[in-house]
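One-letter residues, chain by chain:
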Amino acid sequence: MKYSKRKQPLRIRNDSYKHWIVKSVFIYELEKMGHEVEIETYIPGLGYCDLIDRTTWIQYEIDGCHSPRYRYYKAKKYLRPGIADVVIVPIFKLPSDIFEIRKFVQDFIVID
């Protein structure tokens with residue numbers, strides 16, 4: 001499956017500040033581990049995904065929805081050939097302290 005980068009600049013009004021903070025911490029943590037990270041990848045028929053760890057081929061989707069059923073179907077929708085697993089990161093109960101956010105994110109990272 002071919003992936004392409006988003007051609008237009010991202011707008012912060014489409015995502016909450018929590019979403020952007022968590023995504024930034026994910027990028028920081030994964031790159032610190034030496035992983036190659038791809039963000040806002042367009043997937044034909046599905047739209048844009050948040051993060052793909054190209055070292056482990058794990059896709060991370062940051063989601064603010066409270067419903068476990070919604071998160072399950074979202075993970076199932078994004079799982080496709082070439083992706084080892086989809087991890088949905090619920091941010092509706094995100095801590096306010098940046099060090100706690102970092103620990104929160106570390107708990108979701110799949111190690112190779």
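Scroll up to find the structure.
The structure contained in this document is the topic of the report that follows.

Thresholds, definitions, all that
- Residues numbered from 1 in each chain as written.
- Predicted model: local features only at pLDDT ≥ 70, side-chain atom pairs only at ≥ 80, totals over all residues.
- Heavy atoms only, no water.
- Buried < 20%, exposed > 50% of the residue type's maximum accessible area, 1.4 Å probe, protein only.
- Helix = DSSP H or I, 4+ residues; strand = E, 2+ residues; numbered from the N terminus.
- Arc of directions from axis to C-beta.
- Contact = heavy atoms within 4.5 Å.
- Patch = residues over 30% accessible without salt bridge, like charges linked within 9 Å, V, L, I, M, F, W, Y side chains within 5 Å.
- Areas by Shrake-Rupley, 256 points an atom, 1.4 Å probe, with all protein chains shown as cover.
- Salt bridge = Lys/Arg side-chain N within 4 Å of Asp/Glu carboxyl O.
- Core = buried A, V, L, I, M, F, W, Y, C linked by side-chain atoms within 4.5 Å.
- Pairing = 2+ DSSP bridges.
- Right-handed = clockwise from strand over helix to strand, strands pointing away.

Structural notes on helix H3 (residues 98-108)
Along H3, the residues that are buried comprise Ile 101, Phe 104 and Val 105. Mapping the buried residues of H3 onto a view down its axis gives an arc of 95°, with all of them on the same face. The outward face of H3, more than 90 degrees from its buried face, is lined by the exposed residues Phe 99 and Asp 107. Among the structural elements, helix H1 (17-32) and strand S5 (85-90) are those in contact with the buried residues of H3.

Regarding a nonpolar patch on the surface
Nonpolar side chains collect at one region of the surface, where Tyr 17, Ile 21, Ile 98 and Phe 99 lie side by side and expose about 450 Å² of accessible area between them. Elements represented by at least two residues in the nonpolar patch include exactly H1 and H3. Overall, the relative accessible area of 31% leaves Ile 21 in the partly exposed class.

Examining the nonpolar core
In summary, soluble globular proteins display a tendency toward joint burial of nonpolar side chains. With 17 residues, the main nonpolar core has Val 22, Phe 26, Tyr 60, Val 89 and Val 105 as its most contacted residues. Residue assignment for this core shows that the elements contributing at least two residues are H1, strand S4 (58-63), S5 and H3. Here the element with the most residues in this core is H1; it accounts for four residues. For Val 105, the residues in contact, after removing those within four places along its chain, are Val 22, Val 25 and Phe 26. Judged by nonpolar contacts, the second largest core, of eight residues, contains Ile 52, Ala 75, Tyr 78 and Ile 83.

So, the pairing of S5
Within S5, five of the six residues are buried, which leaves the element mostly enclosed by the surrounding structure. Two elements, S4 and S5, share six bridges in a ladder whose sense is parallel. Across the sheet, Tyr 60 pairs through a bridge with Val 87, a residue of S5. Between S4 and its parallel partner S5, the chain crosses via helix H2 (residues 68-78), and the hand of that crossover is right-handed.

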